[in-house]
Amino acid sequence: MEKFEKVISRAVPLSIEDIDTDQIIPARFLKATTREGFGENLFRDWRFNEDNSVKSGFPLSNQSFSGSILVAGRNFGCGSSREHAAWALADYGFKVVVSSFFADIFKGNALNNGILPVQVTDEFLAQMIAKIEADPLTEIEVDLDNQSISCGEIKTDFEVNSYKKKCLQNGYDDIDYLVSLKDKIEAFELQAITI
Amino acid sequence: MGKTLFDKVWDAHIVDQIEGGLDVLYIDRHLIHEVTSPQAFDELTKRNLPLYRKEKMVATPDHNIPTKNQHLPIKEALSRHQVDKLLENCAKHDVELYGLGHPFQGIVHVIGPELGITLPGRTMVCGDSHTSTHGAFGAIAFGIGTSQVAQVMATQCLMQVKPKTMRITVDGELKPGVLAKDVILYIIAELTAAGGTGYFVEYAGSAIRALSMESRMTICNMSIEMGARGGMIAPDDTTYDYVEGREFTPKGEAFEAAKTYWKTLNSDTDAKFDKEYNFAAAAIAPMITYGTNPGMGIKITDNVPVSLGKGAQESFKKSLKYMGFDPGGSLLGKAISHVFIGSCTNSRIEDLRIVADYVKGKQKADNITALIVPGSKQVEKQAISEGIDVILKEAGFEMREPGCSACLAMNDDKIPAGAYCVSTSNRNFEGRQGPGARTLLASPLVAAITAVEGKIVDITKHLN
């Protein structure tokens, strides 16, 4: 995993709530056996018509919006556990998703792929979306070390699990850590109630 | 203070505790399928790691596979490649695999319980959010992403923040025509699609106790649809009777010893939950969804709401526009073109029997295409032995071979754009059953009656 550095970028606003992972990447695109190339089909059915022409009005297709930060409505990433949703966001170029609430599995998948989920209050989210929509050039700064996010003149702190923060800062993933616990795992297997 | 059922099972699986409040949790059984495992196997290869405990894994293809002519090679190249990749990976790592044609093949959440792989007190994971199904046995079971699939393959462990606990109690007797699917759709409508996020749910109360194992699975299956990582039900005689004698259930003395342990798996009377909800079974009626998330459900005779709570207005409007419904309107009389009975929520023998009982001697309406897909080869075999296949065929239903089918539009079974489908599956998201398809989630009984009537009706007036 790549190290997560401070992100200073414009953002794409998506003021829709309960965005499920079927919208982020529809199931028919899950047939690949590698992690690459999912960005092309990110939000496929919201971005494109059936004949592959671009649907107007969707923020990702709106050229005034750009950047590596997605700012989305409450309960982002609900539904299916498909990590392909995180792969698609990363492949498209997003490094941060800001929302006022994240679904559990998506949040874990994002962190495991170097995408930082930043949870802010409903009020802060509404202010951010209003600012970005009013001025798409608004710069957002996401500072993981200090756990703060600023958008123009508004700023707030966010929570991140201390272990996960260290993983992001150093580019570590859980698998390395778990493999290092092999002796403890074997010892557990010997004493555990296993049925 | 007493412990909850969830605490008891969780705490018995903690290998280590690390900074940030993370527990290293031991996983007893790992189920895999073709869609979320190839990149995990690659991860092992890339890191030169062996598969740690192959005997704790079981694989089956289900998402991608056609439900017709399963004896022939899969036509669609990408699907075939993904299923072949599963076969190849399982052969390379010597993982137990129930491929197409195997008598144990089926939807991963149907075969786990029916083979006795799912047992009380176990921790179980799968790269699929409906792994919550297995919680019906008093197991801690939840869906994971592919990076975590690789972690479990490499170490049989996961790093997890312990979720908060929620108890949902449903007391009393369910009314005629109200099934487990209605109970869970009702609960999700009450709590919303995010109401359970951050929690692990225990379902309790006399109405839950009275349910069969298959009905309990339907309830736990949809825990994820309110955002909960999983749901569980304390094991009891219904559970022991179900698991006894199954393929991989311990036998003889080992079974008795297991049962003694299982009997300790319930929430202590003084256990504290982070959140509690209580519902009366009598308040629950046959349900249906009108919108594009499973929290958007109503009693079939109720009107579509005029608005949703603050904030969700945009999504609510977008959702009704997609579905072609009016705020405040009724769904009764709405013509339907497709009925799908299947998925890990409702494809077990009990579900097929409910449909067959209703449609026996009746005909589906002319405007309806009715698809019924058993959850596994074993369910299919049982259905045929009971003559259910003949009853369904005579009623104009098409019974297919086991798989996820039209639940997720990943295989050949799709609902056309704009078409309305009353479906026993678990998700009514935009495009879930095919681009532009409009899904109304309901019980197998509502689905069967809709197929015969050709439109949405008050089913309580049509019970046999």
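So, here is what we can say about the structure in this document. (Residues numbered from 1 in each chain as written. Chains lettered and ligands numbered in written order. Predicted model: local features only at pLDDT ≥ 70, side-chain atom pairs only at ≥ 80, totals over all residues. Heavy atoms only, no water.)

Considerations on the overall build of chain A
Line of reasoning, step 1. A count of helical and extended segments in chain A gives 8 helices and 8 strands.
Line of reasoning, step 2. Computed over the C-alpha atoms, the radius of gyration of chain A is 18 Å, within 12% of the 16 Å expected from 2.2 N^0.38 for a compact globule of 195 residues.
Line of reasoning, step 3. In chain A, which comprises 195 residues, the share counted as buried stands at 58%.
Line of reasoning, step 4. Across chain A, contacts joining residues at least 24 apart in sequence account for 64% of those joining residues at least 6 apart. (Helix = DSSP H or I, 4+ residues; strand = E, 2+ residues; numbered from the N terminus. Rg over C-alpha atoms; globule rule 2.2 N^0.38 Å. Buried < 20%, exposed > 50% of the residue type's maximum accessible area, 1.4 Å probe, protein only. Contact = heavy atoms within 4.5 Å.)

Let's talk about the interface of chain B and chain A
Line of reasoning, step 1. Between chain B and chain A, the residue contacts involve 73 residues of the former and 55 residues of the latter.
Line of reasoning, step 2. Regarding the contact of chain B and chain A, the summed buried area is about 5300 Å², with carbon and sulfur atoms giving 58% of it.
Line of reasoning, step 3. Across the contact surface, chain B and chain A share 8 salt bridges.
Line of reasoning, step 4. In this structure, Arg35 of chain A and Glu43 of chain B form a salt bridge, with 3.3 Å as the shortest nitrogen-oxygen distance.
Line of reasoning, step 5. On inspection of chain B and its partner chain A, the count reaches 29 residue pairs in polar contact (both at pLDDT 80 or more).
Line of reasoning, step 6. For the side of chain B that touches chain A, the secondary-structure elements that each account for two or more residues are strand S1 (14-18), strand S2 (22-26), helix H2 (38-47), helix H3 (77-93), helix H5 (146-155), strand S8 (157-161), helix H10 (252-262) and helix H11 (313-323) of chain B.
Line of reasoning, step 7. Of the residues assigned to the side of chain B that touches chain A, the class counts are 34 nonpolar, 23 polar and 16 charged. (Buried area = accessible area lost by both parts, 1.4 Å probe. Salt bridge = Lys/Arg side-chain N within 4 Å of Asp/Glu carboxyl O. Polar contact = N/O pair within 3.5 Å; in protein donor to acceptor, adjacent residues only side chain to side chain. Nonpolar A, V, L, I, M, F, W, Y, C, P; charged D, E, K, R; others polar.)

A few points about the pairing of strand S18 (residues 420-423) of chain B
Residues and elements named next belong to chain B.
Line of reasoning, step 1. Burial along S18 is two-sided: the residues Tyr420 and Val422 and Cys421 and Ser423 are all buried.
Line of reasoning, step 2. Two strands pair when backbone bridges link them, and S18 and strand S19 (residues 438-441) are joined in this way by 4 bridges, in the parallel orientation. Opposite Cys421, over in S19, you have Thr439 as the bridge partner. (Pairing = 2+ DSSP bridges.)

Some thoughts on the pairing of S1 of chain B
All names here are of chain B.
Line of reasoning, step 1. Bridging between S1 and S2 involves 4 bridges; their strand directions are antiparallel. Bridging from a neighbouring strand, Asp16 pairs with Val24 of S2.
Line of reasoning, step 2. Hairpin connection, S1 to S2: the antiparallel pair is bridged by 3 residues, and Gly20 has positive phi, about 80 degrees.

So, the nonpolar core
Line of reasoning, step 1. The biggest cluster of nonpolar side chains holds 107 residues, and the ones touching the most others in it are Phe43, Phe76, Leu89 and Leu116 of chain A.
Line of reasoning, step 2. Sequence-distant contacts of Leu116 of chain A, defined by excluding residues within four places in its chain, comprise Phe4, Lys95, Val96, Val97, Leu111, Val142, Leu144, Phe158, Val160 and Leu168 of chain A.
Line of reasoning, step 3. Counting 73 residues, the second-largest nonpolar core is a separate cluster that includes Leu49, Val170, Ala207 and Met287 of chain B. (Core = buried A, V, L, I, M, F, W, Y, C linked by side-chain atoms within 4.5 Å.)

As for the pattern of salt bridges
Where side chains of opposite charge bring their charged atoms close, a pairing between them can arise.
Line of reasoning, step 1. With the rule as written, the count across this model stands at 35 salt bridges over all chains.
Line of reasoning, step 2. Residue Glu380 of chain B pairs with Lys377 of chain B through a salt bridge whose shortest N-O separation is 2.9 Å. Here the residue Glu380 of chain B and the residue Lys377 of chain B both occupy positions in helix H13 (residues 377-385), the gap between them amounting to 3 residues, near one helical turn.
Line of reasoning, step 3. By relative accessible area, Glu380 of chain B is classed as buried at 12%.
Line of reasoning, step 4. In this structure Lys377 of chain B comes out as buried when scored by relative accessible area, which is 17%.
Line of reasoning, step 5. Residue Lys461 of chain B pairs with Asp458 of chain B through a salt bridge whose shortest N-O separation is 3.9 Å.
Line of reasoning, step 6. Overall, the relative accessible area of 16% leaves Asp458 of chain B in the buried class.
Line of reasoning, step 7. Here the residues in one salt-bridge network are Arg35, Glu83, Asp173 and Asp176 of chain A together with Glu43, Lys46 and Arg47 of chain B, joined through shared partners.

Observations regarding H3 of chain B
One full turn of an α-helix is made of 3.6 residues, so residues set three or four places apart face in the same direction.
Residue and element names in this part refer to chain B.
Line of reasoning, step 1. Look at H3: 24 Å from first C-alpha to last across 17 residues, which is about the 24 Å you get at 1.5 Å a residue.
Line of reasoning, step 2. Taken together, the buried positions of H3 are occupied by Ser79, Gln82, Val83, Lys85, Leu86, Asn89, Cys90 and His93. With its buried residues spanning 145 degrees around the axis, H3 presents them on a single face. Among the exposed residues of H3, those pointing more than 90 degrees away from its buried face are Ala91 and Lys92. (Expected span 1.5 Å × (residues − 1). Arc of directions from axis to C-beta.)

Digging into helix H4 (residues 104-111) of chain A
Line of reasoning, step 1. Those residues of H4 of chain A that sit buried are Ile105, Phe106, Asn109, Ala110 and Leu111 of chain A.
Line of reasoning, step 2. Those residues of H4 of chain A hidden inside the fold are in contact with helix H3 (84-92), strand S5 (116-119) and helix H6 (162-170) of chain A together with strand S7 (140-143) and H5 of chain B.

Looking at a negative patch on the surface
Residues and elements named next belong to chain B.
Line of reasoning, step 1. The grouping of Asp237, Asp241, Glu244 and Glu256 at the surface amounts to a negative patch.
Line of reasoning, step 2. By the secondary structure assignment, Asp237 is in helix H9 (residues 237-243).
Line of reasoning, step 3. Overall, Asp237 belongs to the exposed group, its relative accessible area being 52%. (Patch = residues over 30% accessible without salt bridge, like charges linked within 9 Å, V, L, I, M, F, W, Y side chains within 5 Å. Areas by Shrake-Rupley, 256 points an atom, 1.4 Å probe, with all protein chains shown as cover. Lys, Arg positive; Asp, Glu negative; His and termini not counted. Charge placed at Lys NZ, Arg CZ, Asp CG, Glu CD.)

Some details on the side chain of Lys85 of chain B
Line of reasoning, step 1. Mapped onto the secondary structure, Lys85 of chain B falls in helix H3.
Line of reasoning, step 2. Classification of Lys85 of chain B as buried rests on a relative accessible area of 18%.

Some details on unusual backbone geometry
Residue and element names in this part refer to chain A.
Line of reasoning, step 1. You will see that Asp18, though not glycine, has its phi angle at about 55 degrees, which is positive.
Line of reasoning, step 2. We note that Asn52 has phi near 70 degrees; this positive angle belongs to a residue other than glycine.
Line of reasoning, step 3. Within the secondary structure, Asn52 sits in the loop between helix H2 (44-47) and strand S3 (69-72).
Line of reasoning, step 4. Asn52 sits in the partly exposed class, given a relative accessible area of 49%.

A word on the sheet that holds strand S6 (residues 140-143) of chain A
All names here are of chain A.
Line of reasoning, step 1. Strand order across the open sheet formed by 4 strands is S1-S6-S7-S8, with antiparallel pairing between neighbours. Each of the sheet's edge strands pairs with one partner strand only, and the pair in question is strand S1 (7-9) and strand S8 (154-157). Pairwise comparison of adjacent strand axes, ignoring direction, gives a mean angle of 10 degrees for this sheet.
Line of reasoning, step 2. Where strand S7 (residues 148-151) and S8 come together, 4 bridges link them in antiparallel fashion. The partner of Cys151 across the bridge, within S8, is Ile154.
Line of reasoning, step 3. Running at roughly 145 degrees to S8, helix H5 (residues 122-134) makes contact with S6, S7 and S8 of the sheet. (Axes fitted to C-alpha atoms, helices over the stretch in contact; angles between N-to-C directions.)

Functional significance is not addressed by these values, which are geometric in nature.
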